[in-house]
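Topology and contacts: notes
Residues per chain, in single letters:
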Amino acid sequence: MNILLIIAIVLAGGTILIDHKVHHLPQWLAIVLYTGAVALFVIGMILARKGGA
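Residues numbered from 1 in each chain as written. Predicted model: local features only at pLDDT ≥ 70, side-chain atom pairs only at ≥ 80, totals over all residues. Heavy atoms only, no water.

Some details on the side chain of Thr 15
With respect to the secondary-structure elements, Thr 15 resides in helix H1 (residues 3-22). Setting aside its immediate chain neighbours within four residues, Thr 15 contacts Leu 25, Ala 30 and Leu 33. (Helix = DSSP H or I, 4+ residues; strand = E, 2+ residues; numbered from the N terminus. Contact = heavy atoms within 4.5 Å.)

Some details on H1
For H1, the set of buried residues is Leu 4, Leu 5, Ala 8, Ala 12 and Thr 15. One side of H1 holds all its buried residues, which, seen down the axis, span an arc of 115°. When the buried face of H1 is taken as reference, the exposed residues oriented beyond 90 degrees from it are Ile 3, Val 10, Leu 17, Lys 21 and Val 22. The N-cap residue of H1 is Asn 2: its side-chain oxygen and the backbone nitrogen of Leu 4 are 3.0 Å apart. (Buried < 20%, exposed > 50% of the residue type's maximum accessible area, 1.4 Å probe, protein only. Arc of directions from axis to C-beta. Polar contact = N/O pair within 3.5 Å; in protein donor to acceptor, adjacent residues only side chain to side chain.)

The values reported here are purely geometric and, on their own, carry no functional implication.
Structure follows, in structure tokens:
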């Protein structure tokens, strides 16, 4: 599995877990973190398809 995919999954899961169980995140921060996770996921899928890293 591509390292970017792993980071994306951990970032998205961590954002959801912290927001729901530990401490409510400000909406703007949750949106930025989750958008970053989606971007990393897409980039990781593109690199995996091309056979890179």
